Amino acid sequence: MCSSDLVAMSTVQTSALTSTQIGALTTRQITVLQTDDIAALSTGQIGALGTHQLAVLTTSQIQALETRDIGAISSRVIGALTTAQIVALTSAQVAALGTVQVAALTTTQVAALETTDLRAMGTGQIAALTSTQVGAMTTRQIVALETADIVAMSSVQLGAMTTLQLAALTTVQLQAMESRDLASLDTTALRALSSTQIASLTTLQAAALTSSQLNAMSSTQLGALNTLDGIALSSNQ
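A few points on the structure. (Residues numbered from 1 in each chain as written. Predicted model: local features only at pLDDT ≥ 70, side-chain atom pairs only at ≥ 80, totals over all residues. Heavy atoms only, no water.)

Helix and strand counts for the protein stand at 28 helices and 0 strands. In terms of overall dimensions, the protein has a C-alpha envelope of 75 × 25 × 20 Å along the principal axes. Classification of the 237 residues of the protein by burial places 41% in the buried group. Taking the contacts inside the protein whose residues are at least 6 apart along the sequence as the reference set, 77% of them involve residues at least 24 apart. If you average the places of the 7 positive and of the 13 negative side-chain charges in the protein, the two averages end up 5 Å apart. (Helix = DSSP H or I, 4+ residues; strand = E, 2+ residues; numbered from the N terminus. Buried < 20%, exposed > 50% of the residue type's maximum accessible area, 1.4 Å probe, protein only. Contact = heavy atoms within 4.5 Å. Lys, Arg positive; Asp, Glu negative; His and termini not counted. Charge placed at Lys NZ, Arg CZ, Asp CG, Glu CD.)

What follows covers the side chain of glutamine 93. Relative to the assigned elements, glutamine 93 resides in helix H11 (residues 91-95). Here glutamine 93 falls in the buried class, since its relative accessible area comes to 2%. Polar contacts involving the side chain of glutamine 93 include one to the main-chain carbonyl oxygen of isoleucine 62, which spans 2.9 Å. A distance of 2.9 Å separates the side chain of glutamine 93 from the backbone nitrogen of threonine 90, its partner in a polar contact. (Polar contact = N/O pair within 3.5 Å; in protein donor to acceptor, adjacent residues only side chain to side chain.)

Our next topic: the nonpolar core. Among the nonpolar cores identified, the biggest contains 59 residues, and Met153, Met161, Leu169 and Met177 are the most heavily contacted of them. Secondary structure elements with two or more residues in this core: helix H8 (59-64), helix H13 (107-112), helix H15 (123-128) and helix H23 (187-190). When near neighbours in sequence (up to four residues on either side) are disregarded, methionine 177 contacts Ile150, Leu158, Leu169, Leu182, Leu185 and Gln205. (Core = buried A, V, L, I, M, F, W, Y, C linked by side-chain atoms within 4.5 Å.)

Pairing is possible between side chains of opposite charge, provided their charged atoms come close. Tallied over the entire structure, the rule returns 2 salt bridges. Residues glutamate 66 and arginine 68 are paired through a salt bridge, measuring 2.6 Å at the closest nitrogen-oxygen approach. Between arginine 180 and glutamate 178 there is a salt bridge whose closest N-O contact spans 3.9 Å. Given the relative accessible area of 59%, arginine 180 is considered exposed. (Salt bridge = Lys/Arg side-chain N within 4 Å of Asp/Glu carboxyl O.)

Right, let's talk about the environment of leucine 214 for a bit. With respect to the element layout, leucine 214 can be found in helix H26 (residues 211-216). Under the relative-accessibility criterion, leucine 214 is labelled buried at 13%.

Position of glycine 122 among the secondary structure elements: in the loop between helix H14 (115-120) and H15. Residue classification places glycine 122 among the partly exposed residues on the basis of a relative accessible area of 31%. For the pair formed by glycine 122 and leucine 97, sequence separation is 25 residues and the distance between their alpha carbons is 9.8 Å.

The topology assignment puts aspartate 181 in helix H22 (residues 179-183). A polar atom in the side chain of aspartate 181 sits 2.4 Å from the side chain of serine 155. Sequence-distant contacts of aspartate 181, defined by excluding residues within four places in its chain, comprise Met153, Ser154, Ser155 and Leu158.

Mapping isoleucine 62 onto the fold places it in helix H8. The exposure class assigned to isoleucine 62 is buried, which follows from its relative accessible area of 2%. The sequence separation of isoleucine 62 and methionine 177 amounts to 115 residues, and the corresponding C-alpha distance is 36 Å. Contacts of isoleucine 62, omitting those with residues within four sequence positions, involve Leu57, Leu81, Gln85, Leu89 and Gln93.

Set out below in structure tokens:
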């Protein structure tokens, strides 16, 4: 079947193609599919797309995919999406990604996610990010995380944050961090926190700081701990 034949086909005919037939289409044939043809494809057909086929979809074709179709993209091939395709995804499409798909994204893809898309992601999706993916996020993306996302993140994920990422956290985000997660930060990471961030720590968070963390803090950071935090520290150190 040549490309012109595909263009001439109706959406009904395109949607009648088997998953095997879809998987056999050449990249050139994939690119000539109209957006209404893409929208008409079933989850089974979308799931049959290979890495090369997925990578050649135009941004218009990507945006034509229904949310249920986005969830049908195999985690084995989702890493083939280009940064332009990732940027083209709507927030609803990003929110439709499964946790296995999220974990399969490359660090380049994760860094390409727009902040509006990150805000649309559920806590389960955020919790599915690997530590390597978290470490690849931009500071702008970090700031876009909601407090519920911070709470949902594990100690391993938070511990993977770079000094620049930690320094970008808002005081509200920092206060949302579980005490055990704060205590898991290495001393280098902790030293990246500003005096404003340190001063915003809750008494429970301050009490969870280890002696190693306290010893690594600068005099400015130690001075930023408020009186209430000082009481909590003195009773546990």
